[in-house]
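The primary structure of each chain is shown beneath.
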Amino acid sequence: MGISISHGGPSACSATAIANLGQHLAHALTGSEWGELSGLFGGGFSDIASIPPARAGRIGELLHKAARHRLMSGEWGRLANLIGDAAQSASRAGRNWTWS
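Report follows, based on the coordinates. (Residues numbered from 1 in each chain as written. Predicted model: local features only at pLDDT ≥ 70, side-chain atom pairs only at ≥ 80, totals over all residues. Heavy atoms only, no water.)

Some details on the pattern of salt bridges
Where side chains of opposite charge bring their charged atoms close, a pairing between them can arise. Taken as a whole and assessed by the stated rule, the structure comprises three salt bridges. Across the salt bridge formed by E33 and K65, the nearest N and O atoms sit 2.6 Å from each other. Within this pair, whereas E33 is found in helix 2 (residues 31-41), its partner K65 is found in helix 3 (residues 53-68), the two being separated by 32 residues in sequence. Taking the relative accessible area as the measure of exposure, E33 reaches 10% and is therefore buried. You can call K65 partly exposed: its relative accessible area is 35%. R58 is paired through a salt bridge with E36; the nearest N and O atoms lie 3.0 Å apart. One end of the pair, R58, is in helix 3; the other, E36, is in helix 2, and 22 residues separate them in sequence. The partly exposed category is assigned to R58, whose relative accessible area is 31%. (Salt bridge = Lys/Arg side-chain N within 4 Å of Asp/Glu carboxyl O. Helix = DSSP H or I, 4+ residues; strand = E, 2+ residues; numbered from the N terminus. Buried < 20%, exposed > 50% of the residue type's maximum accessible area, 1.4 Å probe, protein only.)

Structure below.
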């Protein structure tokens, strides 16, 4: 299943890639930070997600933080940055960030 992420995210990401990124995020963030992302990256993806701008901004911050972590490999760090950029773009625009 391909997941489309709005505001400049990857044109389509597989649910498997999102879940695999989630495994890396879980190791690069604190437990409470991971808890903020686990609904999107924990492998239980629903068909559509619409995230309010303030929450999208926070998710973007956490994705960028994780991407810089020493345990995050280059490929997964690039994906985290790309998705984080999309989240922050939606937040700056004051629009919901959507996954479908």
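A few points about the packing of helix 1 (residues 15-28) against helix 2
Orientation of helix 1 relative to helix 2, taken along the N-to-C sense of each, is 170 degrees, at an axis distance of 9 Å. Regarding the angle of helix 1 to helix 2, the classification is roughly antiparallel. Crossing hand, helix 1 versus helix 2: left-handed. Together, I18, A19, L21, G22, L25 and A26 of helix 1 and W34, L37, L40 and F41 of helix 2 make up the contact between the two elements. Considered class by class, the residues forming the contact of helix 1 with helix 2 number nine nonpolar, one polar and no charged. (Axes fitted to C-alpha atoms, helices over the stretch in contact; angles between N-to-C directions. Parallel < 35°, antiparallel > 145°, perpendicular 65-115°, else oblique. Left-handed = near helix turned anticlockwise from the far one by under 90°. Contact = heavy atoms within 4.5 Å. Nonpolar A, V, L, I, M, F, W, Y, C, P; charged D, E, K, R; others polar.)

What about the environment of G57?
Within the secondary structure, G57 is located in helix 3. Looking at G57, the relative accessible area reads 9%, which means it is buried. On a C-alpha basis, the gap between G57 and G94 in space is 9.8 Å, while along the polypeptide they are 37 residues apart. Ignoring any residue separated from it by four or fewer positions in sequence, one finds G57 in contact with A87, Q88 and S91.

Points about helix 1
The first and last C-alpha atoms of helix 1 sit 20 Å apart over 14 residues, in line with the 20 Å expected at 1.5 Å per residue. All of the buried residues in helix 1 are A17, I18, L21, G22, L25 and A28. Along the axis of helix 1, the buried positions cluster into a sector of 145 degrees, meaning they face one direction only. Along helix 1, exposed side chains directed more than 90 degrees from the buried face belong to T16, Q23 and H27. (Expected span 1.5 Å × (residues − 1). Arc of directions from axis to C-beta.)

Function cannot be read off these values alone, since they describe shape.
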